Each structure stands twice: as C-alpha cells, then as structure tokens.
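The chain contents come next:
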Amino acid sequence: MTDFLNHFSYWTPWGWQNGGFSYDWAWFLATIIGILVIALPLMLAVAMIIYAERKIWAAMALRRGPNVVGPWGLLQSFADGLKVFLKETIIPTSANKGLFLIAPIVTFTVALIVWAVVPFAPGVVLANVNVGLLYVLAASSLGVYGVIVAGWASNSKYPFFSALRAAAQMVSYEVSIGFVLITVVLYAGTFNLSSIVLQQVGFGLGLFNGFAFNILLFPMWVVFFISSMAETFRTPFDLVEAESELVAGHQTEYSSMSFALFWLGEYANVILMCALNAILFWGGWLPPVNWKPLYGFLINPAITGMFWLFFKMSIFFFMFGWVKATVPRYRYDQLMRLGWKIFLPLSILFVVLVSGWLMLTRYGGQAA
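In this report, we go over the structure that sits alongside the text. (Residues numbered from 1 in each chain as written. Predicted model: local features only at pLDDT ≥ 70, side-chain atom pairs only at ≥ 80, totals over all residues. Heavy atoms only, no water.)

1. A short note on the layout of surface pockets
Over the atoms rolls a probe the size of a water molecule, and in doing so it shows where empty space is left.
Then, number 1: For the second largest pocket, the calculated volume is near 510 Å³.
Then, number 2: Lining the second largest pocket are 20 residues, and of these Ile 50, Ser 77, Asp 80, Gly 81 and Ala 260 sit closest to its centre.
Then, number 3: Contributions of two or more residues to the lining of the second largest pocket are made by α2 (23-60), α3 (76-86) and α11 (256-281).
Then, number 4: In terms of residue count, the dominant contributor to the lining of the second largest pocket is α3 (seven residues).
Then, number 5: Among the residues forming the lining of the second largest pocket, the class breakdown is 14 nonpolar, two polar and four charged. (1 Å grid on protein atoms, 1.4 Å probe; cavity = no way out; pocket = protein on both sides within 12 Å on 5 of 7 lines; lining within 4 Å. Points joined across faces, edges and corners; volume = space filled by probe spheres on them. Helix = DSSP H or I, 4+ residues; strand = E, 2+ residues; numbered from the N terminus. Nonpolar A, V, L, I, M, F, W, Y, C, P; charged D, E, K, R; others polar.)

Here it is, written out as structure tokens:
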C-alpha cells in the first residue's frame with residue numbers, strides 16, 4: 001500500500017475491511033479511485049490554466065483576454081472544449097489511420113502517468129516508489145513518440161519536419177536535464193521525490209526550505225527551468241509548432257478531440273514541469289521559510305502542504321506565461337547551440353563541482 005492509499009483508506013468512512021471486499025479487490029478499487037482523484041482535477045486544472053495564461057498574455061499586451069463566456073470569462077476553456085468535442089474527426093486519405101489515431105492518445109496518456117509519483121503533501125502520493133525521479137525521466141521521455149508518430153503518420157511535409165525537430169530538441173535538452181538532476185540526487189542522496197523534499201528542510205542557512213538557496217544548485221535550477229520550457233515546446237523554444245514556417249507542426253492534420261488531446265497533454269506537461277521545479281529545487285510542499293506555524297495553518301499539514309505546492313506551481317506557471325508573452329522565438333541553430341554548447345558543458349561542470357564539494361565537506365575527502 002502506498003502512503004496515498006493508506007490516507008485514502010483512513011478517509012473512507014466504511015473502510016475496506018468491513019466492506020466485504022478481498023484485499024486484492026480493495027487495493028484495485030482504491031488505486032482506481034486514487035488515479036481519478038489525480039486525473040480529474042488535473043484535467044480541470046488544464047482548462048483553467050489555459051484561461052489563466054490567456055489572461056496573462058492579454059494583461060502584458062494591454063488587452064482584455066477572455067471575458068465573455070461566464071463570469072470574467074472563466075468558462076471560455078470549457079466552451080472551447082465543447083466546440084472541439086462536437087466537431088468531426090477528419091483523417092487524411094493518405095495517412096496511416098491506425099498510427100494517426102494512436103499518436104494523440106500516446107501523448108495524452110504519457111502526460112498523465114508521470115503524475116503517479118508526484119508527492120502533493122506529506123504522504124499524499126499515489127506511488128511512493130524509491131526510484132520516483134528515474135520514473136519521471138523515463139515516462140516523460142516517452143512523450144516524444146506521440147509527436148514523432150503523429151508527424152510520420154500524417155504523411156504530410158510540415159508535420160514530418162516538426163517530428164524531426166521534436167526528436168532533436170527533446171534529446172538535446174534531456175541530456176542537460178539528466179546532469180542537472182544528478183546534482184540534486186547527490187545532495188539529497190535519494191531518487192525518492194518525497195525524500196528529496198524532506199532533505200530541503202532548512203537547507204538555506206537553516207531559515208529557508210529549498211535546494212535553490214545553495215550557490216551550487218541555484219544555477220542548476222536556472223538551467224532546469226529553461227530546459228523545462230524546451231522540453232514542453234514552449235516559447236522561445238516552440239520551433240516544433242512554429243506557425244510561421246510549419247503551420248501547426250505535428251498537429252497540422254488533426255482536428256476535433258484528437259487535436260484537443262495534444263493540447264491537454266502539452267499543458268499537463270507544463271503543469272508537471274512547474275511541479276518538478278517546485279519539488280526538486282524550491283521545497284515542494286514545504287513553506288518557503290522554515291517556521292513552524294507555516295507548516296499546518298490550514299486545517300492539517302496535508303492540506304497546508306498542497307497549498308504551498310500549488311502556490312509555488314502558480315508562480316512558475318506565471319513565469320512560463322511571462323516568457324511566452326515577451327521573448328521572441330529562437331532560430332533553430334540558436335536552440336541547438338544553447339543545449340549542446342552551453343547547458344551541457346555547464347551542467348557537467350556543476351556535477352564535478354557538487355561532487356567535489358560533497359567529498360570535501362560531507363565525506364571528509366573519503367570515498368562514500
């Protein structure tokens with residue numbers, strides 16, 4: 001049983017032992033309900049952050065943004081979702097129909113499965129596995145297959161070019177992200193995401209919670225933040241969907257809900273990157289300041305922890321929208337140069353610096 005399921009069993013008034021279920025069926029039903037508890041709010045969050053991002057762009061361009069459908073335009077995303085749901089799914093005649101339909105499903109599914117190991121608060125996680133960080137890397141790297149399959153199966157020039165760009169872009173920035181995460185693992189001594197969060201308590205001079213308060217890890221957070229925008233094809237790295245040259249990239253031939261699944265997957269990945277920025281470098285569910293009253297001022301520590309995590313995620317999402325509204329798109333050679341000639345050497349250098357520093361301070365110059 002995971003910590004999440006233990007909490008869930010406690011919250012359930014009838015309890016699995018008295019409900020007439022065997023242990024296997026109880027575990028299965030609890031897992032399904034736990035998945036829905038994460039997936040359904042995530043879909044609602046995707047709808048609302050699309051609205052929020054449009055309002056951020058509008059404010060920075062001195063425009064109004066969505067303001068007609070519902071109070072303050074809050075229902076605009078739901079109206080857009082209903083519109084695409086009612087439209088016809090068109091499959092190009094020359095497309096590979098099976099792969100064409102599977103591609104958006106792959107993108108959407110991969111964007112959801114990563115959330116299984118994300119800790120929202122102390123003990124509130126669906127699968128508290130010891131290799132959670134490795135699972136995140138492995139699962140998130142599968143997202144490129146949805147893009148590549150979509151580009152190839154469309155049997156169209158522009159989606160195919162987009163698929164080639166996506167493959168090169170994701171490989172380029174996953175390498176530097178991997179080295180960045182090595183520095184976090186070296187300091188935390190674990191791949192478990194909940195344990196990584198707990199290692200950040202009082203890490204900044206005993207007053208602040210977060211690895212980013214370390215002079216060796218703050219530059220790595222900057223690299224991770226920029227690389228996370230490249231991994232999710234966000235501006236200024238949105239060359240995969242550059243409308244000025246590739247129309248809509250790998251999504252060009254898609255319509256209706258198949259098109260919407262790409263968008264849902266993309267924004268679910270954006271929220272995931274915001275969560276990882278908070279969990280790996282800024283204390284996750286911990287309050288920014290290591291002060292006891294801040295740990296449980298909202299009913300109980302679990303709800304307070306979720307509040308702090310969502311608060312930090314909101315800040316990072318605002319930064320994502322801020323960059324998209326203000327920074328022009330890179331050229332492709334600039335994109336590759338940044339990943340291979342700047343971020344990769346920099347991240348390798350900091351792996352050496354962090355490991356050397358820990359050898360001198362934590363292990364006294366002796367091998368661990």
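2. A look at the pattern of salt bridges
Then, number 1: Counted according to the given criterion, the structure contains five salt bridges.
Then, number 2: In this structure, Glu 53 engages Arg 234 in a salt bridge whose closest nitrogen and oxygen atoms are separated by 2.0 Å. Of this pair, Glu 53 sits in helix α2 while Arg 234 sits in the loop between α9 (218-231) and α10 (243-246), and the two are 181 residues apart along the sequence. Pair check on accessibility: Glu 53 and Arg 234 agree, each one buried.
Then, number 3: With a shortest N-O distance of 3.3 Å, Asp 80 and Arg 54 are connected by a salt bridge. Taken together, the residues Asp 80 in helix α3 and Arg 54 in helix α2 connect sequence positions 26 residues apart.
Then, number 4: Given the relative accessible area of 32%, Arg 54 is considered partly exposed. (Salt bridge = Lys/Arg side-chain N within 4 Å of Asp/Glu carboxyl O. Buried < 20%, exposed > 50% of the residue type's maximum accessible area, 1.4 Å probe, protein only.)

3. A look at empty space enclosed by the protein
Then, number 1: Applying the stated criterion across every chain, the model contains two cavities of 30 Å³ or more.
Then, number 2: Approximately 260 Å³ is the volume attributed to the largest cavity.
Then, number 3: Every residue lining the largest cavity is counted, 22 residues in all, and those nearest its centre are Gly 143, Met 170, Glu 231, Phe 233 and Asn 269.
Then, number 4: When contributions to the lining of the largest cavity are tallied by element, the ones reaching two or more residues are α4 (97-113), α6 (143-153) and α11.
Then, number 5: Per-element accounting of the lining of the largest cavity gives the leading share, six residues, to α11.
Then, number 6: Its residues assigned to classes, the lining of the largest cavity shows ten nonpolar, nine polar and three charged.
Then, number 7: Its boundaries defined by the atoms lining it, the second largest cavity holds a volume of some 100 Å³.
Then, number 8: Every residue lining the second largest cavity is counted, 13 residues in all, and those nearest its centre are Leu 137, Ser 140, Ile 177, Leu 181 and Met 273.
Then, number 9: For the lining of the second largest cavity, the elements supplying multiple residues, two or more each, are α5 (132-140), α7 (157-188), α9 and α11.
Then, number 10: If one sorts the elements of the lining of the second largest cavity by residue count, α5 sits on top with four residues.
Then, number 11: Its residues assigned to classes, the lining of the second largest cavity comprises nine nonpolar, two polar and two charged.

Nothing here speaks to function; it is geometry throughout.
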